[in-house]
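The chain contents come next:
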Amino acid sequence: QLQLVESGGGLVQPGGSLRLSCAASGFTSGFTLDYYAIGWFRQAPGKEREGVSCISPSGGSTNYADSVKGRFTISRDNAKNTVYLQMNSLKPEDTGIYYCAAAFIVQPMCVMESQEYDYWGQGTQVTGSS
């Protein structure tokens, strides 16, 4: 059904910026991207996966982990079937594999619990290292 592909990761110095993209495809007819909340999650080596940010199907509601508030911004362009995560002022502790995930919902909200998401991308590596 729905496929997600992340891109934009890389190696950046602390204080630098990256923009991650999550491209969606394979929609079931009649159920386009605006039926899905999108979450960004990350997993550092030796740690559990944690929610970073999420955005509601129409983009009207967003949530952020306390650790990234004020530095990261999630957005979506449903016409382009793409969700973005702009990451500024990167820190070494932001290092990890970043995944986007989609949840089929109709409510104008989102959550950052991985169990709520049905579809996952393969991830993209982000390294904030000096």
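A. Representation of the sheet that holds strand 3 (residues 18–25) in the model. A sheet is described by the order of its strands in space; here 4 strands give the open sequence 1-3-8-7, paired in antiparallel fashion. At either end of the open sheet lies a strand with only one pairing partner, and these are strand 1 (3–7) and strand 7 (72–77). Sheet twist, expressed as the mean angle between neighbouring strand axes with direction ignored, is 15°. Where strand 1 meets strand 3, 5 bridges bridge the pair, whose relative direction is antiparallel. Bridging across to strand 3, Val5 finds its partner in Ala23.

B. Layout of the packing of aromatic side chains. Applying the stated criterion to the full structure yields 9 aromatic pairs. Between Tyr99 and Trp120 the ring centres are 6.5 Å apart and the planes differ by 75°, which places this aromatic pair in the edge-to-face class. Within this pair, whereas Tyr99 is found in strand 9 (residues 96–104), its partner Trp120 is found in strand 10 (residues 119–120), the two being separated by 21 residues in sequence. Assessed through its relative accessible area of 16%, Tyr99 is described here as buried. Owing to a relative accessible area of 27%, Trp120 belongs among the partly exposed residues under this scheme.

What counts, and where the lines are drawn
- Residues numbered from 1 in each chain as written.
- Predicted model: local features only at pLDDT ≥ 70, side-chain atom pairs only at ≥ 80, totals over all residues.
- Heavy atoms only, no water.
- Pairing = 2+ DSSP bridges.
- Helix = DSSP H or I, 4+ residues; strand = E, 2+ residues; numbered from the N terminus.
- Axes fitted to C-alpha atoms, helices over the stretch in contact; angles between N-to-C directions.
- Phe/Tyr/Trp six-rings, centres within 6.5 Å; stacked < 30°, edge-to-face > 60°.
- Buried < 20%, exposed > 50% of the residue type's maximum accessible area, 1.4 Å probe, protein only.

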